[in-house]
Each structure stands twice: as C-alpha cells, then as structure tokens.
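Here are the chains, one letter per residue:
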Amino acid sequence: MLWLLAAVTAIAMLSATVRAQAPEIPVKVEERANFSRLIFDWPVDAGLRVTRDGPLATLSFDRPARLDLAALRRNLPPPVTGVFAEEGRDRLAVTLDMLPGYRLRHFRNGNAVIVDILPAPVEEKAEMPAPAQTDASATGTPPAAPATATETRTEAGTGTETETATETETAPPAMPAAETASSAAGLTEAGPPRMPVEVAPLTPVTGPDGEVLPSITVGAERNGNGITLTFPFERVAGAAAFRRDQTLWLVFDQAVQLDLGALQALRPQLLAGGGQQFGSAATVLRLNQAGDLVMTPALARRGLDWVIDLQPGDRRDPATPLEVIVEAATDQPRIFLPTGEVDPSQQRAFSLRDPVVGDSILVMPLRFAGFGVRGSRQFAQFTLLPSLQGVVVKPWADAVQVRGVPNGIAIDVVTGLLLAATEQARLQVDRPTEGLLPIADWRRSDEAPFIEMQDRLYYAFSVAPGGERLDRQRDIIRFLFAHRFAADVLGLIEVYRDMQGGLSELAPEMKAMRGLAQLQMHRLEEAAQDLKAPALDGYPEIALWRTVLAVEQQNWDEAITQYRDGLGALDDLPPDLRSGIRLAAARAMVEVGAYRDALRELKAFQELDEPSRAEEAWAQLTSARANAALDDLKTATSAFEKAIDSGDMEVRVKALYARAILDFQNKDITRAELIDQIDGLRYAWRGGPFEYNLLRKLGELYLEDGDYRDGLITLRQAAVYFPERATDSAEVAEDMARAFRRLFLEGEADKLDPLTALALYYDFRELTPTGEDGDEMIRKLADRLVGVDLLTQAAELMEHQVNFRLDGVERARVGARLAVIDLLNKQPEKALAALEESTESGLPEPLVLERRQLRARALADLGRYAEGLQTLDGLDDGRSARLRAEINWRAKNWKATAATLEPLADQAARQEGPLSAEERRQILQLAISLALDGENQKIDALRQRFLARLEGTPEASAFEIVTDSLQRNASDIRQLTAAIAEVDELEAFMADYRDRLSKGGLEAIN
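Residues numbered from 1 in each chain as written. Predicted model: local features only at pLDDT ≥ 70, side-chain atom pairs only at ≥ 80, totals over all residues. Heavy atoms only, no water.

A.B. asks: Describe the overall build of the chain, with residues and values.
C.D. replies: Helix and strand content of the chain: 38 helices and 31 strands. In the chain, which comprises 1006 residues, the proportion classed as buried is 49%. Considering only contacts in the chain between residues 6 or more positions apart, those separated by 24 or more positions represent 62%. Taken as a whole, the chain presents about 47400 Å² of accessible surface, with 51% of it coming from carbon and sulfur. (Helix = DSSP H or I, 4+ residues; strand = E, 2+ residues; numbered from the N terminus. Buried < 20%, exposed > 50% of the residue type's maximum accessible area, 1.4 Å probe, protein only. Contact = heavy atoms within 4.5 Å. Areas by Shrake-Rupley, 256 points an atom, 1.4 Å probe, with all protein chains shown as cover.)

Here you go:
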C-alpha cells in the first residue's frame, strides 16, 4: 500500500506543479451598449472550441491556464448566472451558466480571445432553426433528430459564433414532411399568402451566366403615408439597403427578375430614373429619393419573404448597428464586423456600378434583418459607407476584398497594407524612379565642417561667372535646406526667382524645398500649397513629408495613406529626419485606433532613428496614449511621467490633460477633480486644436456636473475663439442648444432660484429655439417668475415674446396674458399698451371677449370709467356684468352699481346652500350701493333675504350694520367707509386671475 500512496502523492505533486507552471489568464468583463464582453488575455496563441448544452456554454481552450474564478464571479455579466473552470494539463475549459435568450460570438484580436454575450436577434429566433438542424437542411438530407447540444470550433486565428438560446426558444415548430423541402434553407414558415397583381408579362432577361433569370412578383400596398413592398424569394436571401446621392438601393444576393407592376401602378415616381439594374449576380433595385420622395426602409423577414416598409423620413442609422473592429495587430490586418453568421458561404459580396456617382462599390447583403453600419468610416484603401441593412464599401484600391468569415465579415487587402505598418510600400507605375531630394548628399558632411563648407559655397557663388551663378545659388539653397535653415532657404529661393527673371512657377525641387521650409516654420497653408502641387505627385519622399503635414493639420487618415505610399523611401532619409516622419505616422495611428501599429513604429523610432529631445518627449506621450488604450496602465503611467518631466512645455500640458482623462475613465478621480485639473491647464498652452478641444471637453464636463452657467460660457468661448472651425463650431452650438433645452424646456432650471434662472436665460437668450419650443420655454420661465411675484421681470420676458417672436392668434393670446401680469403689477398703462400692440383680426370669440374685459379693467384702473363701461357694451355674460359693477362702484355711481348687482343677487337667492365668497361680496356691495343711493325699502328686502344666510361669515357684521334700519344713518360715514374698504380689498375680477395663475400658470388664462 505504501507504493500506492507514494504514487498518488507523486501524481498530486505533479498536478500541482503543472498548475503552478500554467499562466494565470486575466479575464476582463466589459459592459457595452447592447451586450456584455469577456476578454481572455492570453499571452500565447490559443485555439477555442465552443459547445452548447441547454443553459450551459463551454469554452474549451487548447492550452493550459489558470483563472481567478473568485474575481470573475464577483463581476459576472448580467446574462451569466454562474461560471466554472476545469484546468487540465493541456487544456482549460470554462463553463458559463447562461440565461435563456442569449447567444455568443467570439473572435480574437492578437492573442486575446474575445467572447461577446448578446441577445439573440428577434429575426434570428423567429426564423432560424436550431443549429443542429441547419447542416442537415442545407445539404438536402432529412433533418436529424433534435440535438441536446451544439458545437462550433475555431482554430487559433479564426473566429466563430455559437447560439446560446435554449433549443425551445430558437428551434422552429415541427413541420409536416411535405413542407420540409420548401424550408430546406432553415426557415420556419413561408409567410402570409400574397395577392397576385395583374400585370403584363415580363420580357425574359438572362443573367451573367447566360441563363434566363427566374422572376418574382413584388407586392406593393399602401401603409399609412408609406408603401410596403414584399419580395417573395423561393430560397433564403440576404438583403442590403443604403442611400447614395438621391437613390435608395435595395440589393439581394439572389439573381431574379423583379415584376414591379404593382409598384409602378402605386407610386411610379419611385422608379423614375431607377428601377431594376441588371448585369450582376445580385438583384439590384434603385428607387428615386429626390425631393419629397425621401423614404426610410424598415426591413423584416417573413419566412422566405423580405418585407420592406417605406415610410417618409430620412433616418440614417440601422436598427442594430454592427460593431466595427480594427484588427491591425494580426499578420493580415483587417476590419472585422461581427454579424452572427456562422456559415461564411451564406455571405457574398457583389461589385456594383453606380450609374449616378460613376464609381463601383462592394455590397454584402445579410440574412438577418436590421444589421447595418452606423456612419461612415474612412480607411487608407477604402471607405466603409453607412447602411440601413448589410455592408457597403467604397474601395480606393483594386486589392480591397469583402468576404464572409465565421461569425462575421472581414474587409482586408489582398496585397499591401490595411492601415499603415513598416513593410514595403506599394509600387505605382507612374512613380518616378529616382528621388527628388537627396538630403544626405546635400549636407556634404564628408567634405568639410559646416562653417567651412558654407564659406566655400558663398565664395564659389561670388567668383562664379554670370552663366554659373544660378547653379552656385542653388548649391547654397540645397546645403542650407539639408541642414534645416528654413528662414534662410525661403529668402534665398526668392532671390533665386529674381535671378531667373521672377518666374511664377518653380521647378519641382525648389517647390518641394520651399514647401518643407514653410512646414518647418509651421506655416501650414503655405506649405500645403507647395507640397500638394501635382508636380510633386509620385515622389515617395514627398509622400513622407506630406505625412507630417497631414498630422499637423490633424488629417489622420490622409497621414496614414501618405506614409504607406512613401515607406519605400524612408530608409533613404538621414536618421534625424526619419525620426520625425516615423513619429508623425505613429501619432496618426493612435488617433485612428491602430495602437499596436503605433507601438511598432515607436520601437523602430527608438532603435533605428536619431530623435531629438523634443521628438523623444512626443514619443513618450504617444506611447502613453497607445498603451493606455491597450489597458497596459503600468507602461502608460511610466510614459506619461516621462512626458510630463520631459521639459517640453507643450508635451507636458498635453500629457497632463491625457492622463487626467485616463484617471477619470478609470475612476481614480471624480468629475469635480477632473474639472479642476483641466481648468488649471486652460492657459498653459493657448491656441490651436488643443485649446479648442480642451474648452469643449471642459464645457461638456461642466454641463454633466449640472453647472450650466460655466458649461455654456466655456462652450461659447470655444465657438467664438475658433471661428475657423466652422463645422466643429456647429456641433458646439448644438451642444449648447441641447443644454438650454434641458434647462428651460425639460425642467432643469426649476432647480435654480427664479432670478438665477432668469439671468441665465438672458445671458444665453440667443439659444432660444424658434417656434413652439421657444415659446414654451418663455412661458415656463414666466410662470416661475409670476409664482414668486416677480411680475416686472415676467412682463419684460413676455413683452419681448409679443414684439419679436409671435404673430396671429398666438400673439394676441400672449398679449392678453401680458396685460394680466401688468394689471396685477399695478401697471394699467402697460396693460393697455400690450393689448393695443397685440391686436389681430380673426380671433376666436372667447379670446376677443377676454381682451375686451381686460381693456375695460385697465381703463378703469386709469380712472377712465366711461370708456371702460363703453368697452363692455353689448356683453351680457356674468363675468362682464360683475366687471361692470366693479367699474360703477369705483366711479361711485351707486345707482348703476345696484342695477348691475341686483340680478346677480336674485340669482344667488334662488340657489340653495352656502353662498360663495364672491356672492357674499356682491351682496354686501349691493347693500352699500342701495344705502348710499337712499333705497331704504330695497335695503330692507335685501336684509330679509340674506341676513340669515350670511350669519357666521366674514361679511355678516358689515351687512348687519349697513342694513339695520335702527343704525342706518347717512351721516354715519365711518361705518360705510369701513364697509366700502372691506369690499374694495376683495377685487373680485383680478382675484379670479390670481387664483387661475396659482393653479394652472399662464396657460390657464386663455
């Protein structure tokens, strides 16, 4: 037994030793907008096999490794409920316990294996069979029995995808045997029945292979303001949809002839200048989108049919944007777009000619609905165009190819470089065979020291006969140019031109030297005029210098293109010049996200070139940014420190800025600390793109922090200080407008005190949008001011609105509201002016009535009682009657007051229940009017009717005194005066407006 125990111990020790030797693989968890991501950061190339069994998905790597399971379990993505690992001697297996309804896609970037967990697309779940059935149906064989697990495998360097939704969610319902053949491509149903359209027979058309194309009838029917098109294919088809110029393209990956009779009958304008385009192995339909024909397609799959709903509008973004991944670190750089398509044979690209634009494009239709590309992406050899469905590429080189790969689409170049690397540049047939600027030879370092050589050249020029002086002058220019004396070169070139009789056009060599001297002095516009001259096209060393110019102009894609074209001449330059060009290329690569390429260039920069101290500083900053983007924070931090301590002020400031942004992204500092650090850099390096970008970032941070005043002020400075950035300034204006809307339309200003909100509004009044939104902003702000009795400020705000923003009915309506505010503010003159200045014709009757009543009240407040009463002539509504009584009361016309109030008192007497406050006030007012008019009998009758009903009310005491016959004495002025004052304080007409404002704001007025 001892030998057995020893053997077991040895095996255990061996296992422990093997496990200890296996590397520990960091696993990062990232949450993206629509999915979760696991990144297994392998130090070596590891193959991956993925299997699916119910809720369990197992990732099997073909190399041993260790995982920190405890750390991973603390940070599981939401779709994963558990994780387990089996660490073998030659493998690592990681099992994920998944929620239903999710799928995996996986690919690699360098050695890192990336696994995305994302919801299964609705179309996919509704239309695709279980993976185990797809293979059987694709080959035409009967479907296999339902499988309990699915498996996909990828060797090192490839990517694939496995469905993670349970089979009950993704598998179609059982189908009768008769239907199996029609669903051989893996679809679950044939869609709803279609009504055929009676059209004339089509003329047969042959395809590229000489065979007559099969035809399908395209269904077309109205759908609201739009049209729904149905394309009834007989097999599973992929689709693409995108716009170019004024044309909507619909491309399908099966070649058929379209019967468009129904569409022609329903909306023939869509086919004007377009229609079906033949000549390729795809089906291409081009629809006219000029003028009001612009329509946005929404694509869906119903069985084998593609259903496209065209509705008015110009939406540009797809329903499900594809992620664009730059895989520049692989042996063959490429762009990868994960589509979820496991079978590459189902994805085919077509080269199509655009008859309007006059160029060719590559189009890749997709089987899954809604998957497209958001926005345009520019690369060195092609442009990835925006699409609502599918993938569209505009190639700039013949070698660009778009192809299906496991789990997605790859865009790469058969020969040459995708972005920019350190390999040999492409050959061009029209490129000059010799260099233009042999700078190393022009330095003449092997002939004599600089001062002695310069003296020789000037002496040679001074003694040269007239016919040779131009040559000697050129020798001096070349020598000084090679030693980077830019100002001297520019002056001597002008002298050289004068010696030639003031020729307007220089030879390519002189033009190149002048352009590079301007570039050295940072005169970018002048440098561009020379360096971009057609006479310099094709020279590889000029392409290298154009790289530097493009970087200075922040044209990153152009810089990479020029660097690629000039790589063949890079080694011909002196090491001290080579360093600046290579550094410029690395900076451009960082800006476009090619971080590993940038680090390779920086490595060559350190090993092969002779950089200056300033270039060393820039290299550290570039390295820090690249390593930070690759999550190598230790290296990035070290490089940032070196850049900060480099002694170069510009590099120091930009390094501090970049590091602060990185610290905030890593949650090492708060937003307030980030704002403080960036604000401290505002005046450290002024001018140029850096200050502009800093101001934009600082303004955005202020807004995110709720500091709207500083945010808007800072963004305004960015726009005002840099008017040359017109396009970017438009974006800044949009950011400011959105913040202004959040403040005054979405309620953020409610968090400020009213005077602060008003001051902020006046400071940025120019951001008030036109139309209803702007008017709503002003109304909400005025409501707040009225609510805190800031009536003068509210009136000023509304006065501007009436005078400059509104017309028609709305102007009259807001004018009436302004009059109310003025009356409440004891400003009847302004109220009358507001009504007169907002007079309009054709107003609604209720608004006309209210404006007449307000006018009458304003005239009464001015003591113009007769005019006020005249304004109310012909108005017999209750509110006008009460107002008429108030005017007569103020005019001390007691008889007229009583005559107006008596019908109102009769009405109150007939009603049961307690009297309202307004009714009690009117009865007391009537009693006083009758007393002052000497109508004793009427007073007695009024007392008999209302004394008991007024008992216990605030008006009871005054009513008792006024109507008591024993106390009634016309000479008892004190009693009547007190009663009159009590009535006046109530001000029924304006009290009604106060009540309405407090309950519903200005909108409650009219």
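From this point on, the discussion continues.
A.B. asks: For the sheet that holds strand β17 (residues 275-277), give the residues involved together with the corresponding values.
C.D. replies: The pairing of strands in a sheet happens through backbone hydrogen bonds and is either parallel or antiparallel. Strand order in this open sheet of four strands is β14-β15-β18-β17, and the pairing throughout is antiparallel. One side of each edge strand has no neighbouring strand; the edge strands of this open sheet are β14 (239-244) and β17. Each strand axis lies, on average, 25° off the axis of its neighbour in the sheet, ignoring direction. With six bridges connecting them, strand β15 (residues 247-252) and strand β18 (residues 283-288) associate as antiparallel partners. (Pairing = 2+ DSSP bridges. Axes fitted to C-alpha atoms, helices over the stretch in contact; angles between N-to-C directions.)

A.B. asks: How would you sum up the pattern of salt bridges? Please name residues and give values.
C.D. replies: Under the defined criterion, the tally for this structure stands at 57 salt bridges. Linking Arg37 and Asp116 is a salt bridge whose minimum nitrogen-to-oxygen distance equals 2.7 Å. Of the two residues, Arg37 is situated in strand β2 (residues 36-40) and Asp116 in strand β8 (residues 112-119); the sequence distance between them amounts to 79 residues. For the pair formed by Arg37 and Asp116, the shared burial category is buried. A salt bridge links Lys895 to Asp933; its shortest N-O distance comes to 3.0 Å. Here Lys895 is found in helix α33 (residues 894-910), whereas its partner Asp933 is found in the loop between α34 (917-932) and α35 (936-950), with 38 residues between them in sequence. (Salt bridge = Lys/Arg side-chain N within 4 Å of Asp/Glu carboxyl O.)

A.B. asks: Tell me what's going on with the packing of aromatic side chains, and back it up with residues and numbers.
C.D. replies: Enumeration according to the criterion identifies 17 aromatic pairs in this entry. On the basis of an interplanar angle of 80° and a centroid distance of 5.5 Å, the ring pair of Tyr657 and Phe690 is categorised as edge-to-face. With Tyr657 in helix α20 (residues 649-665) and Phe690 in helix α22 (residues 688-704), the pair connects residues that are 33 residues apart, well separated along the chain. Taking relative accessible area as the criterion, Tyr657 reaches 15% and is therefore assigned buried. (Phe/Tyr/Trp six-rings, centres within 6.5 Å; stacked < 30°, edge-to-face > 60°.)

A.B. asks: Explain the sheet that holds strand β12 (residues 219-223) to me, using residue names and the numbers behind them.
C.D. replies: If you walk across this open sheet you meet the four strands as β12-β13-β20-β19, and the pairing is antiparallel. The open sheet has two edge strands with one neighbour each: β12 and β19 (295-302). The mean inter-strand angle of the sheet, taken between neighbouring strand axes irrespective of direction, is 20°. Direction of pairing for β19 relative to strand β20 (residues 305-312): antiparallel, over a ladder of eight bridges. In the sheet register, Thr296 faces β20, and the bridge partner there is Gln311.

A.B. asks: Provide a residue-level description of the environment of Pro355, including the pertinent values.
C.D. replies: With respect to the helices, strands and loops of the structure, Pro355 is situated in the loop between β24 (350-353) and β25 (360-364). Along the backbone, Pro355 and Gln277 are 78 residues apart, and their C-alpha atoms lie at a distance of 9.6 Å. If we ignore the near neighbours within four places in the chain, the residues touching Pro355 are Trp249, Gln277 and Arg286.

A.B. asks: Give me the lowdown on the pairing of strand β7 (residues 102-109), citing residues and values where you can.
C.D. replies: Burial within β7 is extensive, with six of its eight residues counted as buried. By the bridge criterion, eight bridges tie β7 to β8 in an arrangement that is antiparallel. Note on β8: the bridge partner recorded for Leu104 is Ile117. Linking two consecutive strands that pair antiparallel, namely β7 and β8, is a turn of two residues; a positive phi of about 70° is found at Gly110 within it.

A.B. asks: Please give an account of the pairing of strand β4 (residues 56-61) that cites residues and values.
C.D. replies: Burial within β4 is extensive, with five of its six residues counted as buried. Bridging between strand β3 (residues 48-53) and β4 involves six bridges; their strand directions are antiparallel. In the sheet register, Thr51 faces β4, and the bridge partner there is Thr58. From the end of β3 to the start of β4, which pair antiparallel, there are two residues, and Gly54 there has a positive phi angle of about 60°. Strand direction decides the pairing type here: β4 and strand β6 (residues 92-98), joined by six bridges, are antiparallel. Residue pairing for β6: Ser60 is matched across the bridge by Ala93.

A.B. asks: Please give an account of unusual backbone geometry that cites residues and values.
C.D. replies: A positive phi is found at Asp631, a non-glycine position, where the angle reads about 65°. Secondary-structure assignment places Asp631 in the loop between α18 (613-629) and α19 (633-644). The phi dihedral of Lys667 is positive, around 60°, even though this residue is not glycine. In this structure, Lys667 sits in the loop between α20 and α21 (671-679). Its relative accessible area of 75% is what places Lys667 among the exposed residues.

A.B. asks: Residue-level account of the environment of Tyr721, with values.
C.D. replies: Mapped onto the elements, Tyr721 comes out in helix α23 (residues 708-721). Considered as a pair, Tyr721 and Tyr692 are 29 residues apart in the sequence and their alpha carbons are 8.1 Å apart. With residues near it in sequence (within four places) discarded, Tyr721 still touches Glu691 and Leu695.

A.B. asks: Got a sec to walk through the packing of α22 against α23? Specific residues and values, please.
C.D. replies: When two helices pack together, you describe them by how their axes are tilted relative to each other and by the distance separating the axes. Following both chains from N to C, one finds α22 and α23 inclined at 160°, their axes separated by 7 Å at the closest point. In terms of orientation, α22 and α23 fall into the roughly antiparallel class. Crossing geometry of α22 relative to α23 is assigned as left-handed. Contact with α22, carried on its side by Glu691, Tyr692, Leu695, Arg696, Leu698, Gly699, Glu700, Tyr702 and Leu703, involves Tyr708, Asp710, Gly711, Leu712, Thr714, Leu715, Gln717, Ala718 and Tyr721 of α23 and no other residues of that element. When the residues that make up the contact of α22 with α23 are grouped by side-chain class, the tally is 10 nonpolar, four polar and four charged. (Parallel < 35°, antiparallel > 145°, perpendicular 65-115°, else oblique. Left-handed = near helix turned anticlockwise from the far one by under 90°. Nonpolar A, V, L, I, M, F, W, Y, C, P; charged D, E, K, R; others polar.)

A.B. asks: How would you explain the side chain of Arg443 if you had to name every residue and give the values?
C.D. replies: Mapped onto the secondary structure, Arg443 falls in helix α8 (residues 439-443). Residues contacting Arg443, with those up to four places away along its chain left out, are Phe479, Ala482, His483, Pro574, Asp576 and Leu577.

A.B. asks: Could you give an account of the environment of Gln620, naming the residues involved and the relevant values?
C.D. replies: As for its placement among the helices and strands, Gln620 is situated in helix α18. On a C-alpha basis, the gap between Gln620 and Ala639 in space is 5.2 Å, while along the polypeptide they are 19 residues apart. Those residues in contact with Gln620, other than ones at most four positions away along the chain, are Ala639, Lys642 and Ala643.

A.B. asks: So, α35: which residues are in play, and what are the values?
C.D. replies: The periodicity of an α-helix, 3.6 residues per turn, causes residues three or four positions apart to be oriented the same way. For α35, spanning 15 residues, the distance from its first C-alpha to its last is 19 Å, which sits close to the expected 21 Å at 1.5 Å a residue. Its axis deflected by about 40° at Gln944, α35 carries its strongest bend there. For α35, every residue scored as buried is listed here: Ile939, Leu942, Arg943, Phe946 and Leu950. Tucked inside the fold, the buried residues of α35 contact α33, α34 and α36 (956-963). Positive phi shows up at Gly952, right after α35, with a value of about 85°. (Expected span 1.5 Å × (residues − 1). Bend = angle between axes of the 7 residues up to and from the residue.)

A.B. asks: Tell me about the side chain of Arg301, residues and numbers included.
C.D. replies: By secondary structure assignment, the location of Arg301 is in strand β19. The class for Arg301 is buried, based on a relative accessible area of 8%. A polar atom in the side chain of Arg301 sits 2.3 Å from the backbone oxygen of Arg367. (Polar contact = N/O pair within 3.5 Å; in protein donor to acceptor, adjacent residues only side chain to side chain.)

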